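# Coordinate analysis (summary)
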Amino acid sequence: MLSAFNFIRSMVKWNDTYSLFTKNGVRRAYKDGFGNSAEVNLNLVLALRKVGLSAFPVVLSTRGNGIVNPALPTLSRFNHVIAAVIVGDGTYLLDATSLFSDINVLPYADLNWQGRLVDVNHNQWISLNPHFNSRLRSSGQFVVLNDGTLDGDVQQIFSDHFAYIFQSRFGQTGYKARYEEEIKKEFTSDFSDSLMITYGEKGSSKVTAYLHLKPEGAVSVTGNLMYINPCVGFGNLKNPFTDNDRKFSVNFGMPREETYMNQFVVPEGYSVEDLPKPMTIVLP
């Protein structure tokens, strides 16, 4: 499955056009080396069948195109085609329009409730929602200097859809410079030329980043007291829900788990006077 998936991605590039139908045909797209989303992924369906797998087209509506009402589906509501492979009781979804997607790690635009598997014998609705948590894990070790500045090393691991989002955002080449620029802007910080980013091999949705960071503003000094922001600047620091009125449900696309762990070494002569209270917060 993975070999056929990577083969089609290397042979037929997406022309950035979503389509429910082919324009120039599947064979022509393979010959020319590019095509719309239907042409790319119907080539994928054929390749998967060629290696003996039960593969089928799945039609869907992308997030920007709105959802399809399953009680009243119309052709005009669908604008994209992906591939599904059925093995026993398992269904595996693939979209070859992206270099950074993976088996069951669809591009973010595809994560839109459900699609329709198209086949005479297997005609059915297919859930597009991931059934696993995508994870972001950040671990930092910081030394607090006497003047209140922080100096430390951070490791970040992006898995599954977090890895897809990272790679799609920063690209396949030059991503180190772009990521460094973002970190400098976000943390008002300089590097000691230690940034290292590793993309996982195709078939492994994982990105690992190591960086030496000197974040500013995380420690404030008042007299002989230091106040340390334990988040340092990672995570959601502002409430993203700013609208007074909400007319639609909130949809993040995929289940996610974000973990931020930071360790601090305080300067010599200082002792910890007050720690944040452990708490569990449950939303209604």
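In case you missed it, the structure is sitting above this.
Notes on the structure in this doc start here. (Residues numbered from 1 in each chain as written. Predicted model: local features only at pLDDT ≥ 70, side-chain atom pairs only at ≥ 80, totals over all residues. Heavy atoms only, no water.)

With that settled, the discussion passes to the overall build of the chain. Within the chain one finds five helices and 14 strands. Taken along its principal axes, the extent of the C-alpha atoms in the chain is 75 × 45 × 35 Å. Within the chain, buried positions represent 38% of all 284 residues. A separation threshold of at least 6 residues defines the contact pool for the chain, and within that pool the share at least 24 residues apart is 61%. (Helix = DSSP H or I, 4+ residues; strand = E, 2+ residues; numbered from the N terminus. Buried < 20%, exposed > 50% of the residue type's maximum accessible area, 1.4 Å probe, protein only. Contact = heavy atoms within 4.5 Å.)

An α-helical turn contains 3.6 residues, so a residue and the one three or four places further along point in the same direction. Regarding helix α1 (residues 2–11), the residues found buried are A4, F5, N6, I8 and R9. Residues of α1 that are buried make contact with β1 (13–14), α3 (37–50) and β5 (90–94).

On to the sheet that holds strand β7 (residues 124–127). An order of β5-β4-β3-β6-β7 is seen for the five strands of this open sheet, with the pairing classed as antiparallel. Bordering the open sheet on either side are β5 and β7, each of which pairs with just one other strand. Between one strand axis and the next, the sheet turns through 40° on average, direction left out of account. Alignment of strand β6 (residues 114–117) against β7, held across four bridges, turns out to be antiparallel. By the bridge assignment for β7, L117 is matched with Q124. Lying over the sheet, α3 contacts β3 (55–60), β4 (80–87) and β5, oriented at roughly 15° with respect to β4. (Pairing = 2+ DSSP bridges. Axes fitted to C-alpha atoms, helices over the stretch in contact; angles between N-to-C directions.)

For the rest of this paragraph, the subject is unusual backbone geometry. With a phi close to 75°, W113 is a non-glycine residue in the positive phi region. Along the chain, the position of W113 falls in the loop between β5 and β6. You will see that V232, though not glycine, has its phi angle at about 65°, which is positive. Looking at where V232 falls in the secondary structure, it is placed in the loop between β13 (225–228) and β14 (256–265).

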